[in-house]
Number of protein chains: 2
Amino acid sequence: MTLKRTHTCGELTRKETGKEVVLNGWVDTRRDLGGVIFIDLRDRYGLTQVVFSPQDDEAAHTAADQLRSEFVIGVKGIVTDRDEENINPNVKTGDIEVRVKELTIYSKSETPPFEISDEVKTNEDLRLKYRYLDLRRPKMQHNMLLRSAIYQHTRNYFYGKQFAEIETPFLMRSTPEGARDYLVPSRVNPGKFYALPQSPQTYKQILMVSGMDRYFQIVKCFRDEDLRADRQPEFTQIDVEMSFVDEEGIYEVTEGLMQTILKETIGVSVDLPFPRMTYQDAIKTYGSDKPDTRFDMKFVDFSEIVAGSEFRVFSKTVEDGGAVIGFVVPEKGSLGRGVMDRLTKRAQDELGAGGLIYIKNNEDEVYSSVSKFVSEETTAEMVKKSNASKGDLILILAGAADTVYQQLGDLRLMVAKEYDMIDTSKNHLLWVTDFPLLEYDPEDGRYYAMHHPFTSPKQEDMDLLESDPGNVRARAYDLVMNGSEIGGGSIRIHDSDIQSHMFKALGISKEEAEKKFGFLLEAFRFGAPPHGGIALGLDRVAMLLTGAKSLREVIAFPKNQRAISLMDNCPNDVDTDQLEELHIKLAPGAGQKNA
Amino acid sequence: MTLKRTHTCGELTRKETGKEVVLNGWVDTRRDLGGVIFIDLRDRYGLTQVVFSPQDDEAAHTAADQLRSEFVIGVKGIVTDRDEENINPNVKTGDIEVRVKELTIYSKSETPPFEISDEVKTNEDLRLKYRYLDLRRPKMQHNMLLRSAIYQHTRNYFYGKQFAEIETPFLMRSTPEGARDYLVPSRVNPGKFYALPQSPQTYKQILMVSGMDRYFQIVKCFRDEDLRADRQPEFTQIDVEMSFVDEEGIYEVTEGLMQTILKETIGVSVDLPFPRMTYQDAIKTYGSDKPDTRFDMKFVDFSEIVAGSEFRVFSKTVEDGGAVIGFVVPEKGSLGRGVMDRLTKRAQDELGAGGLIYIKNNEDEVYSSVSKFVSEETTAEMVKKSNASKGDLILILAGAADTVYQQLGDLRLMVAKEYDMIDTSKNHLLWVTDFPLLEYDPEDGRYYAMHHPFTSPKQEDMDLLESDPGNVRARAYDLVMNGSEIGGGSIRIHDSDIQSHMFKALGISKEEAEKKFGFLLEAFRFGAPPHGGIALGLDRVAMLLTGAKSLREVIAFPKNQRAISLMDNCPNDVDTDQLEELHIKLAPGAGQKNA
């Protein structure tokens, strides 16, 4: 029988001294000291020292002899003050111990394949296979509970603001654009398939057309991704949509949410409103649409200064419409030649840069890595424009604008990490706004919607939709935290005329639009309110708040990078009968490697 | 541009008289009275009368002329007291109207295929096709918001009790027992499949092994059901699991939850603890394992009285081990012959009863439908045992015990509905306990777990597991509300020895158990706490609380009874390319009917 616990392992103090209590939990550690057995008993709430002594109870003491790590037990005993010398000030229950009168062993444990401890490094595959043991580690318990707190405070925030929580379907329509859709064959509708949602986008817009006004949901989404780092086939989204709002309305609600989450889960205060930066400025200043603004090192454009330079790398670049840009690395003018060579090699190998040019603005000399080709005057002008202080290093790249901004952005991050220049105690939140509406795909020779085809163009760029589609800005925004995109959204098109223009710009015919998005377009014909929304990546937020290095650290049962769950070993082979029931067969070859 | 609303359509009263306000919403109704146009403007929060008069604003009045039902508009105007004779006391905003100075039309609407009104009966297929319009109806808005309130109060209840909300995977392992599993082919793992969860059962048990102690989640589950009434391919479960508890622990938490939900969403108080009834008693008393206890009509067993009856239907039934049972229908002794004949026919046609025997215990005479065969003394004894009052009717069935209990249970419900004997203002919650652990399937010649193979047998029945498996009772319980099963759960097996016995009783070999449940069995080898849980059907709870007649009334985007979503018309055909990417093909024949 289960001993009904009176307390958890995390709460007893001297207030309970003398009381009889019942604790349940796992044997964390066991020490046998001269006939007295000490157990640290562990549960989700903490650790309590329990003591088996023949003086207290002969039978319990004898039974305790067989206890080993990870046995699950219940004890009844008396809370007793510890001797002064045995007090452990690092543990909440460190003032007391429980002297046991009765022991029940609920279940035994084999020796675990790794120690249940944060200190022990363990191969990740082993951790994932024995996830139930991995999840016993204090750090993982903390991550799961922090994640639970994110749900709690997110939900209460939205409940408090009259948002309706509404579930959208998981079995939805597959669209021909649905590359990366997970498909689900229907047994009762032979030959037909559902798709799992990559996002509830169409449904939340439909809910606005339904008059639900303010919707939120914390919802799983699915993408059959190509295998790469830090993606999960299923991921969790905080999904929001509002009617009769513009960008300001979305910003205000989202900022309040993030402020609440940060305050309530990790006790961090952030100021409102969050700073904003246009996409254009983000690229020009940080070479990224998700800049890490916890450190400076903003870009300086040297193009004008070096336009007429005798150094062809500079002048040719500018002639060709490219850019010569750089940034100042504070106090790194002292780096030696070897270090700079290695950095250059990394910029070439890892970032694809053509070469790395640098100026060391030191007290004794201003050293330029291209002094042979660039005049001292030009170098001095560059130093001046960069606002570098004495002792600073300036890193410079030259090349085609799109490429070089990105490379310099990556270099900025690489250097900041290398030299530990990021104050990780800070939390910087930033809106990046005015994203381009469309992206040109040179391979396909057409434009694609950068967010999705229902994103509204900016009113003032509407005229460009046909004449200069690449320069139309969208009413789209991303929320960036510490250099990670944690969310994005837009004000949607709610006017069928503008929608038609949009489809035209995307080269989508009326018939095609009807086939792909028919039900949403039809809904818009019956009175659609202006609306917009945002989706935040809950996994990523949890990762940032826990300081975890991987999404797998904040998901209870993640897949690995091959989209495989090592614990239950799925996806797996299924019986031919089962496939027959679903009216499908394996394609030739697909089954063979599993035979 | 969107006019930024200052108020919703549900909140203005005379407190705001004289203020300039902005409202956004849908045109509900429009009346043109002598050059003045009255609009009832509707949003999720209510209705407000807005008035367009040339005196207030010429341009707005002119523009208002084109307004039709379901146009989406914004108005700026002045809150004005209505004349006494125009006050509408049925509407919160009925004291005022808004005299419009500025009108913006956000979008127009075609004439909807049905009126947006609760009063108008509309074909359900049409409602599902135009779900976005259907959801604008006040009743559906109410249902969605009540459902949202269920989420809110459920979650806050669990958050307040230190339950951790943890997401379990949607892409999980398919088990060979997984009939009705939805399968999901993996693109990146050719020939392999995930399954969508029919319930997170194994994961929540794993979470207990992980030491998470108290878990809850509101989670979608999936079942590729055969098509029948009132099932949905995806449904929502309030899923709970706790460590170191017995039945009492689960009952207490669940009762508190239901009390909270009923109080907070529909303002109904229920007393704790809920009554309990064993499965055995429920069958013997009501002929159902989910008895509707809002009305009485308990079964009376006449078998002993009629055992020696000259009426062979009675005596033969008892001889063969069957039952002669009935119940009293209060005040229906006056029903005429024609009514009784029709009832008999329905009992035969709809319930499969052999025949219906009845006694009218009237003041003037005690009439038995089998008086030719049954002595007056026996009839009098039956009346006496039934405790029937004068004027009551006694309905009686005879037959094999299992069958006749069920038939009489169905008859009890049929009669209660027919004569409106159920007090629907009451909410009766009831635990049904001590379910049989195993069910014998005569076709397969073996036992199956009635709940699932991890359900714990009762300690005192453990010995019967091998000798008399059909009589082993489980530590399993259902929660019944007003005759509907709204949840069920059990205390689980956490001991590998007992688990082995269980598999043996189920005829599952060690190898098979390993293949099907390997990872869970392995987890149990590393210290499993005693644990148990429950899952409540949120859709059904929402249905009961809203008084809806179908699950489809409380799900935003339901499938119909063919598992089809009529709004977006899924499941649907997909391109052969897409199937190729997933390494599958349609089975011959499956695709043809869709070509």
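Every value quoted in this text rests on a predicted model; they were computed, and no experiment measured them.

1. Re the overall build of chain A
- Helices and strands together make up the secondary structure of chain A, namely 17 helices and 23 strands.
- In terms of overall dimensions, chain A has C-alpha extents of about 95 × 75 × 55 Å along its principal axes.
- The buried share among the 595 residues of chain A stands at 59%.
- Long-range contacts, defined here as pairs at least 24 residues apart, represent 68% of the contacts in chain A between residues at least 6 apart.
- Counting every atom, chain A has about 24900 Å² of accessible surface; 46% of that belongs to carbon and sulfur.

2. A look at the sheet that holds strand β17 (residues 429-433) of chain A
Residue and element names in this part refer to chain A.
- With mixed pairing, eight strands are arranged side by side in an open sheet as β6-β9-β10-β22-β21-β20-β17-β11. Since the sheet does not close on itself, it has two edges, and those belong to β6 (164-165) and β11 (276-278), each with one partner.
- With seven bridges joining them, strand β10 (residues 234-243) and strand β22 (residues 531-537) adopt antiparallel strand pairing. Pairing of S243 across the sheet is with H531, part of β22.

3. Comments concerning the interface of chain A and chain B
- Contacts between chain A and chain B engage 123 residues on the former and 123 residues on the latter.
- Summed over both partners, the interface of chain A with chain B comes to about 11300 Å²; 56% of that surface belongs to carbon and sulfur atoms.
- If you sort the residues of chain A by the area they bury against chain B, E167, F244 and F526 of chain A come out on top, with a joint share of 7%.
- Summed over the shared surface of chain A and chain B, the result is 18 salt bridges.
- Scanning the region where chain A abuts chain B turns up 72 residue pairs in polar contact (both at pLDDT 80 or more).
- Per-element tally for the side of chain A that touches chain B: the top contributor is helix α4 (residues 138-159) of chain A, with 10 residues.
- Residue classes in the side of chain A that touches chain B are distributed as 62 nonpolar, 29 polar and 32 charged.
- Two strands pair when backbone bridges link them, and strand β23 (residues 584-586) of chain A and strand β23 (residues 584-586) of chain B are joined in this way by three bridges, in the antiparallel orientation. Residue pairing across strands places I584 of chain A opposite L586 of chain B, the latter belonging to β23 of chain B.

4. Details of helix α6 (residues 247-266) of chain B
- With 20 residues, α6 of chain B extends 28 Å from end C-alpha to end C-alpha; this agrees with the ideal 28 Å at 1.5 Å per step.
- Directly after α6 of chain B, the chain includes G267 of chain B, whose backbone phi takes a positive value near 70°.

5. Brief notes about the relation of the copies chain A and chain B
- Here chain A sits on chain B after a turn of 180° about the axis and a move of 0.0 Å along it, with an RMSD of 0.1 Å. What the rotation and shift describe, once combined, is the action of a two-fold rotation axis.
- Residue by residue, 100% of the interface of chain A is reproduced at the interface of chain B, so both copies engage with the same surface.

6. Re the pattern of salt bridges
- Counted under the stated rule, the structure contains 98 salt bridges over all chains.
- Note that K559 of chain A and E234 of chain A form a salt bridge whose closest N and O atoms lie 3.3 Å from each other. Linking K559 of chain A in the loop between α16 (538-546) and α17 (576-581) with E234 of chain A in strand β10, this pair joins segments that are 325 residues apart in sequence.
- By relative accessible area, which is 1% here, K559 of chain A ends up buried.
- As a salt-bridge pair, E522 of chain A and K129 of chain B come within 4.0 Å of each other at their nearest N and O atoms. Linking E522 of chain A in helix α15 (residues 510-524) with K129 of chain B in helix α2 (residues 124-129), this pair reaches from one chain into another.
- Relative accessible area serves as the criterion here: at 19%, E522 of chain A is assigned to the buried category.
- A relative accessible area of 36% means that K129 of chain B is categorised as partly exposed.

7. Comments concerning empty space enclosed by the protein
- This structure, assessed with the given rule, holds eight cavities of 30 Å³ or more.
- Reported here for the largest cavity is a volume of approximately 230 Å³.
- If you trace the largest cavity, you find 17 residues lining it, with R155, I218 and V219 of chain A together with R155 and I218 of chain B closest to the centre.
- For the lining of the largest cavity, the class distribution of residues is seven nonpolar, two polar and eight charged.

8. Some points on the confidence of the model for chain A
- Here chain A averages 94 in pLDDT, while 98% of its residues score no lower than 70.
- Listed scores for the predicted complex are pTM 0.95 and ipTM 0.95.

9. Thoughts on the domain arrangement of chain A
- By the assigned domains, chain A splits into domain 1 (14-107), domain 2 (140-166 + 202-277 + 429-564), domain 3 (295-418) and domain 4 (568-595).
- A separation of 36 Å is found between the C-alpha centroids of domain 2 of chain A and domain 3 of chain A.

10. Side note on the nonpolar core
- Among the nonpolar cores identified, the biggest contains 80 residues, and F158, M258 and L429 of chain A together with F158, M258 and L429 of chain B are the most heavily contacted of them.
- Apart from residues no more than four positions distant in its own chain, F158 of chain B is found in contact with F163, F216, I238, V240, V253 and L257 of chain B.

11. Some words on the environment of T576 of chain B
- Along the polypeptide, T576 of chain B turns up in helix α17 (residues 576-581).
- Sequence separation between T576 of chain B and L586 of chain B is 10 residues, and the spatial gap between their C-alpha atoms is 8.8 Å.

12. Overview of the side chain of S186 of chain A
- Following the sequence through the fold, S186 of chain A ends up in the loop between β7 (183-185) and β8 (193-195).
- The exposure class of S186 of chain A is buried, given its relative accessible area of 1%.

13. Some remarks on the packing of aromatic side chains
Residues and elements named next belong to chain B.
- Applying the stated criterion to the full structure yields 53 aromatic pairs over all chains.
- When the ring centre of Y130 is taken as reference, the NZ or CZ atom of K129 above it lies at 5.2 Å.
- In this structure, R446 is placed above the aromatic ring of Y448, and the distance from its NZ or CZ to the ring centre is 3.8 Å.

14. Quick look at helix α11 (residues 376-386) of chain B
Residues and elements named next belong to chain B.
- All of the buried residues along α11 are T378, T379, M382, V383 and S386. Down the axis of α11, the sector holding all buried residues measures 140°, keeping them to one side. Along α11, the residues that are exposed and aim more than 90 degrees away from the buried face are E376, E377 and K384.

15. Considerations on the packing of helix α5 (residues 201-209) of chain A against α15 of chain A
Residues and elements named next belong to chain A.
- Contact geometry of α5 with α15 gives a least axis separation of 10 Å together with a crossing angle of 20°. Looking at the two axes, α5 sits roughly parallel to α15. In this structure, α5 crosses over α15, and the sense of that crossing is left-handed. In this structure, α5 uses T202, Q205, I206 and V209 to contact α15, whose residues at the interface are F519, L520, A523 and F524.
- Counted by class, the contact of α5 with α15 contains six nonpolar, two polar and no charged residues.

16. As for the side chain of S456 of chain A
All names here are of chain A.
- Within the secondary structure, S456 sits in the loop between β19 (446-449) and α13 (464-467).
- S456 sits in the buried class, given a relative accessible area of 8%.
- Look past the residues within four positions of S456 in its chain and what remains in contact with it is L437, A474, R475, I491, R492 and I493.

17. Focus on the pairing of strand β5 (residues 96-107) of chain A
All names here are of chain A.
- With two bridges joining them, strand β3 (residues 46-52) and β5 adopt parallel strand pairing. Residue V50 lies in a different strand from β5, and its bridge partner there is V98.
- Pairing analysis gives 10 bridges linking strand β4 (residues 72-81) to β5, with the strands arranged antiparallel. Opposite T80, over in β5, you have E97 as the bridge partner.

18. Looking at a negative patch on the surface
All names here are of chain A.
- Judged by side-chain charge, E310, E376, E377 and E381 come together as a negatively charged surface patch.
- Relative to the assigned elements, E381 resides in helix α11 (residues 376-386).
- The partly exposed category is assigned to E381, whose relative accessible area is 45%.

19. A look at the sheet that holds strand β13 (residues 323-329) of chain B
Residue and element names in this part refer to chain B.
- Strand order in this open sheet of five strands is β12-β13-β16-β14-β15, and the pairing throughout is antiparallel. Unpaired on one side and paired on the other, β12 (299-301) and β15 (366-368) mark the two borders of the sheet. Here the strands of the sheet are splayed against their neighbours by 20° on average, with no regard to which way each runs.
- Pairing geometry for strand β14 (residues 357-361) and β15, over three bridges, is antiparallel. Bridge pairing in β15 places K360 opposite Y367.
- The strands touched by helix α9 (residues 312-319) within the sheet are β13, β14 and β16 (392-399), with β16 carrying the most contacts at an inclination of about 50°.
- Relative to the sheet, α11 contacts β12, β13, β14, β15 and β16, its axis offset from that of β14 by approximately 75°.

20. Some words on the state of the cysteines
- Counted by the stated rule, this structure contains zero disulfides over all chains.
- For the unlinked cysteine C570 of chain B, the closest cysteine sulfur is that of C221 of chain A, found at 16 Å.
- Assessed through its relative accessible area of 0%, C570 of chain B is described here as buried.

Conventions adopted
- Residues numbered from 1 in each chain as written.
- Chains lettered and ligands numbered in written order.
- Predicted model: local features only at pLDDT ≥ 70, side-chain atom pairs only at ≥ 80, totals over all residues.
- Heavy atoms only, no water.
- Helix = DSSP H or I, 4+ residues; strand = E, 2+ residues; numbered from the N terminus.
- Buried < 20%, exposed > 50% of the residue type's maximum accessible area, 1.4 Å probe, protein only.
- Contact = heavy atoms within 4.5 Å.
- Areas by Shrake-Rupley, 256 points an atom, 1.4 Å probe, with all protein chains shown as cover.
- Pairing = 2+ DSSP bridges.
- Buried area = accessible area lost by both parts, 1.4 Å probe.
- Salt bridge = Lys/Arg side-chain N within 4 Å of Asp/Glu carboxyl O.
- Polar contact = N/O pair within 3.5 Å; in protein donor to acceptor, adjacent residues only side chain to side chain.
- Nonpolar A, V, L, I, M, F, W, Y, C, P; charged D, E, K, R; others polar.
- Expected span 1.5 Å × (residues − 1).
- Least-squares fit on C-alpha atoms with pLDDT ≥ 70 in both.
- 1 Å grid on protein atoms, 1.4 Å probe; cavity = no way out; pocket = protein on both sides within 12 Å on 5 of 7 lines; lining within 4 Å.
- Points joined across faces, edges and corners; volume = space filled by probe spheres on them.
- pLDDT = per-residue confidence, 0-100.
- Domains from an automatic or database assignment.
- Core = buried A, V, L, I, M, F, W, Y, C linked by side-chain atoms within 4.5 Å.
- Phe/Tyr/Trp six-rings, centres within 6.5 Å; stacked < 30°, edge-to-face > 60°.
- Lys NZ or Arg CZ within 6 Å of the ring centre and 35° of its normal.
- Arc of directions from axis to C-beta.
- Axes fitted to C-alpha atoms, helices over the stretch in contact; angles between N-to-C directions.
- Parallel < 35°, antiparallel > 145°, perpendicular 65-115°, else oblique.
- Left-handed = near helix turned anticlockwise from the far one by under 90°.
- Patch = residues over 30% accessible without salt bridge, like charges linked within 9 Å, V, L, I, M, F, W, Y side chains within 5 Å.
- Lys, Arg positive; Asp, Glu negative; His and termini not counted.
- Charge placed at Lys NZ, Arg CZ, Asp CG, Glu CD.
- Disulfide = S-S within 2.5 Å.

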